[in-house]
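Geometric and topological summary
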Amino acid sequence: MSVTSHQGAGAAPVHAPRTLTAAGDLLRALAAPVRIAIVLQLREGPRCVHDLVDALAVTQPLISQHLRVLKSAGVVEGERKGREVIYSLVDDHLSHIVVDAVAHVQEEK
């Protein structure tokens, strides 16, 4: 494969290695099917753990484990309300990444 230059085309921006590493970490955090399902659920609005357990038909410990990964990656945040923690997405950009990925694999070829 040869690399050619297109006259008049702007060069792709060069990002700092730290930025690229952080983007890779974020994508890894989103890479598990259960985490994708959690993001899709939270896209519809805040949820507590038992809501996610019911919606996704997986165990509470598994949901909690995946929420920890998403929280440490800065994808979700939790707010304690009484005995429950209500989780929500930190940012809409993240849900767009997941929605676009799901839409892409559902496209007919």
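Up top you'll find the structure we're talking about.
Residues numbered from 1 in each chain as written. Predicted model: local features only at pLDDT ≥ 70, side-chain atom pairs only at ≥ 80, totals over all residues. Heavy atoms only, no water.

Strands sit in the order E1-E3-E2 across an open sheet of three strands; the sheet is antiparallel. A strand with exactly one partner marks an edge of an open sheet, and here the two such strands are strand E1 (47-48) and strand E2 (76-81). Where E1 lies against strand E3 (residues 84-89), two bridges are found, and the strand directions are antiparallel. Bridging from a neighbouring strand, Cys 48 pairs with Ile 86 of E3. Across the sheet, helix H2 (residues 33-43) is in contact with E1, E2 and E3; its angle to E3 comes to roughly 90°. (Pairing = 2+ DSSP bridges. Helix = DSSP H or I, 4+ residues; strand = E, 2+ residues; numbered from the N terminus. Contact = heavy atoms within 4.5 Å. Axes fitted to C-alpha atoms, helices over the stretch in contact; angles between N-to-C directions.)

Looking only at H2, the buried set comprises Val 34, Arg 35, Ile 38, Val 39 and Leu 42. All buried residues of H2 project into a common sector of 140° when viewed along the axis, lining one side. Trailing H2 by a residue or two, Gly 45 shows a phi angle of about 150°, which is positive. (Buried < 20%, exposed > 50% of the residue type's maximum accessible area, 1.4 Å probe, protein only. Arc of directions from axis to C-beta.)

On to the nonpolar core, then. Formed by 19 residues in total, the largest nonpolar core has its most connected members in Ile 38, Ile 63, Leu 67, Val 75 and Val 76. Elements represented by at least two residues in this core include exactly H2, helix H3 (49-56), helix H4 (60-72), E3 and helix H5 (92-106). Every residue in contact with Leu 67, bar those within four places of it in the chain, is listed here: Ile 38, Val 49, Leu 52, Val 76 and Tyr 87. (Core = buried A, V, L, I, M, F, W, Y, C linked by side-chain atoms within 4.5 Å.)

Right, let's talk about the pairing of E2 for a bit. When E2 meets E3, the two strands line up antiparallel, connected through six bridges. Across the sheet, Glu 77 pairs through a bridge with Ser 88, a residue of E3. As consecutive antiparallel partners, E2 and E3 are separated by two residues, and within that stretch Gly 82 has a phi angle of approximately 65°, a positive value.

Now for the packing of H2 against H5. As a packed pair, H2 and H5 sit with axes 10 Å apart at the nearest point and diverge in direction by 120°. In terms of orientation, H2 lies oblique with respect to H5. Every pair of crossing elements has a handedness; the one defined by H2 and H5 is left-handed. The segment H2 lies against H5, with Ile 36, Val 39, Leu 40 and Arg 43 engaging Leu 94, Ser 95, Val 98, Val 99 and Val 102. Looking at the contact of H2 with H5 residue by residue, the classes come out as seven nonpolar, one polar and one charged. (Parallel < 35°, antiparallel > 145°, perpendicular 65-115°, else oblique. Left-handed = near helix turned anticlockwise from the far one by under 90°. Nonpolar A, V, L, I, M, F, W, Y, C, P; charged D, E, K, R; others polar.)

With respect to the helices and strands, the residue Leu 27 is situated in helix H1 (residues 17-29). With relative accessibility at 49%, the residue Leu 27 sits in the partly exposed group. Sequence separation of Leu 27 and Val 98 is 71 residues, and the distance between their C-alpha atoms is 9.6 Å.

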